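# Structure assessment
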Amino acid sequence: MGGRTDVKLIAFDVDGTLADYNSWQMLHKFFGFSLEEDLRLYALWKKGELLYKDWMDIIEVEYQKTPRTKDEIHTLFDSIKLNPGVAEVVPELAKNYQLAIISSGVEDYVQGIAARLGVTDVHAYCGLLYNKRGEFEKFNYHIELTEKEAKIYAAKELQKKYSLEPHEIA
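So, here's what we can say about the structure. Since the structure is predicted, the reported quantities are computational estimates derived from the model, not experimental observations.

Core analysis: the biggest nonpolar cluster contains 43 residues, and L18, L27, Y63 and F139 have the highest contact counts within it. Of all hydrophobic cores here, the second largest spans six residues; its members include A100, I102, L158 and L164.

Right, here's the structure in full:
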């Protein structure tokens, strides 16, 4: 039976793990989308009364009402601070383990956090697409799954990429 010494890859989430923020809530506030409305939609989704894609489509339409540029969005993401100790611990872990980030966050945000930490294996739920003026236009889902399903899919992809057994991933 495998123990801790069997772990070869450590995959991190971002929100609440590497950074003490909820990036979606920050984006909602930035775009003027009500957190209360998002929580209402979340409750409908949890009850099975709203499809996940429909929930995200509503958010997309709301974001389109408040033009924000890629530079503005990246400035917001760059302002997010890492949790205490993360910048020191992650490079130490990289000496003995393959590292990855698997997040249900936006790719621009997750890639920025990964770059700060030197992590190259990054899996984010969706990207942001911009129009010719550089303003947010729509979400680009990398895979048509819910956030949880996408995380499981990413973990399995890492398992295949590095020829690992499930117990070798933490």
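So, about the sheet that holds strand β3 (residues 121-130). The strand order across the open sheet built from four strands is β1-β2-β3-β4, with neighbouring strands paired in mixed fashion. The outermost strands of the open sheet, each flanked by one partner alone, are β1 (9-12) and β4 (136-141). Geometrically, the sheet is characterised by an average inter-axis angle of 30° between neighbouring strands, direction not taken into account. Along the sheet, helix α6 (residues 107-117) contacts β2 (98-106) and β3; its crossing angle with β2, the most-contacted strand, is approximately 150°.

What follows concerns the pattern of salt bridges. Applying the stated criterion across every chain, the model contains nine salt bridges. Of the charged contacts, one joins K8 and E168 as a salt bridge, the two residues approaching to 3.0 Å between their closest N and O atoms. Of this pair, K8 sits in the segment before β1 while E168 is found in the segment after α7 (147-161), placing the two residues 160 residues apart along the sequence. Ionic pairing is found between D121 and K161, a salt bridge with its closest N-O pair at 2.6 Å. Of this pair, D121 sits in strand β3 while K161 sits in helix α7, placing them 40 residues apart in sequence. Relative accessible area serves as the criterion here: at 6%, D121 is assigned to the buried category.

For the rest of this paragraph, the subject is helix α2 (residues 35-46). Taking 1.5 Å as the rise per residue, α2 with 12 residues should run 16 Å; its terminal C-alpha atoms sit 16 Å apart, in good agreement. Residue G48 follows α2 closely and has a positive phi angle near 80°.

As a further point, take the environment of A114. Within the secondary structure, A114 sits in helix α6. As for A114 and L99, which are separated by 15 residues in sequence, their C-alpha atoms are 9.9 Å apart. Aside from chain neighbours lying at most four places away, what touches A114 is I101, V119 and V122.

End to end, α7 covers 21 Å across 15 residues, agreeing with the expected 21 Å (1.5 Å per residue, within 8%). Among the residues of α7, A150, A154 and L158 are the ones counted as buried. Around the axis of α7, the buried residues are gathered within 80° of arc, so they sit on the same side. Facing away from the buried side of α7, by more than 90 degrees, are the exposed residues K148, K156 and K160.

Before going further, it helps to examine the pairing of β4. Pairing of β3 with β4 involves five bridges; the strand directions are antiparallel. Counterpart to Y130 in the pairing with β4 is F136. As consecutive antiparallel partners, β3 and β4 are separated by five residues, and within that stretch G134 has a phi angle of approximately 80°, a positive value.

This paragraph deals with the side chain of E135. If you trace the backbone, E135 turns up in the loop between β3 and β4. Residues in contact with E135, not counting those within four places in the same chain, are P67, R68, T69, L129 and Y130.

Criteria and cut-off values
Residues numbered from 1 in each chain as written. Predicted model: local features only at pLDDT ≥ 70, side-chain atom pairs only at ≥ 80, totals over all residues. Heavy atoms only, no water. Core = buried A, V, L, I, M, F, W, Y, C linked by side-chain atoms within 4.5 Å. Buried < 20%, exposed > 50% of the residue type's maximum accessible area, 1.4 Å probe, protein only. Pairing = 2+ DSSP bridges. Helix = DSSP H or I, 4+ residues; strand = E, 2+ residues; numbered from the N terminus. Axes fitted to C-alpha atoms, helices over the stretch in contact; angles between N-to-C directions. Contact = heavy atoms within 4.5 Å. Salt bridge = Lys/Arg side-chain N within 4 Å of Asp/Glu carboxyl O. Expected span 1.5 Å × (residues − 1). Arc of directions from axis to C-beta.

Everything listed is a geometric property; what it means functionally is a separate question.
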